[in-house]
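Structural overview
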Amino acid sequence: MLEIQHVTKTFGRFKVLEDETFSVPDGEITGFVGLNGAGKTTTMRIASGVIFPNSGDVLVDGYSIVKDKKKASERLAWVPELPIFELDVKAIDYFVYIAGYYGYSTSEARKMGMEMLEKVGLKGFEKRKLENYSQGMKRRFALAVCLISNPKNYLFDEVLNGLDAQGIMYFRNLAASLKKEGKAILFSSHILSEVESLADRVVFIHKGKIVKIMTIDEIRKFATPSLVLRVDKVDNKLLDKLSKFGEPLVNGNQVMVRDFKDDPSKVNSILSSEYKIYEMKMEYSSLEEVFFKIIGVNNETVHI
Ligand SMILES: Nc1ncnc2c1ncn2[C@@H]1O[C@H](COP(=O)(O)OP(=O)(O)OP(=O)(O)O)[C@@H](O)[C@H]1O
């Protein structure tokens, strides 16, 4: 478990984090979202012990990263936003070197390295030098390396950046299996659809302050419900009928009734004598919409 406790950080006179407090529980994936410059990477760097907070602390399974750095960092793996492996060394040799640091023999480490690199989709590239890896390959390699020590806590900073569809799939599977093993995972990303599908809870950060912490279930309740219908024809009469339930938006023969808070079967009974309904389902607005509601900016003007 990770506990970020009243962390404040300033760079020069600029306050980047202010009294930041939240927890990353065991057996859960915690999504960490915010606009560019909100403070996610700084939080992760503090939690990993690379930089110190001005005040506050981070506890890793109860050990302070400030006062008991060795014990805290042994229990933690961190994949940084920009893994730097500009090394004139083969991937497998570097893996063996790092694994040696954690007490594995060369033969054990080599066997584990070959397996792990295959798992992250780097089979056939084990002997390529790291300096010749692409950004996506470096990220995959960083994911494999972070598993060597098998710690309880994980910090993944924008690890989806630069990953292709296969790499994203690997990360999804990895995060799900770590969660199953009861690990605590903090995962930042701008790909909010991925956060929504992976995370159990989401921490929202804005201008260095935690503005909201919500479970995915709470996010779904908070989100605006819409009824989506696919019908044989869309005419004014249909839209008239639907507008009694919410705001109808048309896209071909599909109509989305926004802010729908009624019983879908009522719509069915009102329409079924005049229209063929091919499909009817409830949809909830995305985490993205919830995010912009929470921080109070318009998603057309700000890119997340
Ligand atoms: N070493 C540093 N010196 C000065 N300012 C810094 C330093 N590191 C970060 N900052 C500033 O702190 C703020 C938070 O940066 P941080 O990288 O934590 O944001 P982020 O939420 O990870 O953003 P992004 O989504 O763009 O990666 C930014 O304004 C950034 O310019």
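Scroll up a little and you will see the structure.
Residues numbered from 1 in each chain as written. Predicted model: local features only at pLDDT ≥ 70, side-chain atom pairs only at ≥ 80, totals over all residues.

Some remarks on the sheet that holds strand 8 (residues 184-188)
What the six strands build is an open sheet, ordered 6-7-8-3-9-10; its pairing is mixed. The strands lining the two open edges of the sheet, one partner per strand, are strand 6 (76-79) and strand 10 (209-215). Taking the axes of each pair of neighbouring strands and ignoring which way they run, one obtains an average angle of 15° across the sheet. (Pairing = 2+ DSSP bridges. Helix = DSSP H or I, 4+ residues; strand = E, 2+ residues; numbered from the N terminus. Axes fitted to C-alpha atoms, helices over the stretch in contact; angles between N-to-C directions.)

Topic: the nonpolar core
Of all hydrophobic cores here, the largest spans 64 residues; its most connected members are Phe141, Leu143, Ile185 and Phe187. Top contributing element to this core by residue count: helix 5 (residues 135-146), with seven residues. Once you skip the residues sitting within four places of it in the chain, Ile185 turns out to touch Ile29, Thr30, Tyr154, Phe156, Ala175, Leu178 and Lys179. Leu229, Leu242, Val257 and Phe260 belong to the second-largest nonpolar core, a separate cluster that totals six residues. (Core = buried A, V, L, I, M, F, W, Y, C linked by C-beta atoms within 7 Å. Buried ≥ 20, exposed ≤ 12 C-beta atoms within 10 Å, placed from the backbone. Contact = placed C-beta atoms within 7 Å.)

Thoughts on the site of the ligand
Around the ligand, the surrounding shell consists of Phe11, Val16, Gly34, Asn36, Gly37, Ala38, Gly39, Lys40, Thr41 and Thr42. Per-element accounting of the shell around the ligand gives the leading share, three residues, to helix 1 (residues 40-48). (Near = placed C-beta within 6 Å.)

Such coordinate-based values are descriptive only and should not be taken to indicate function.
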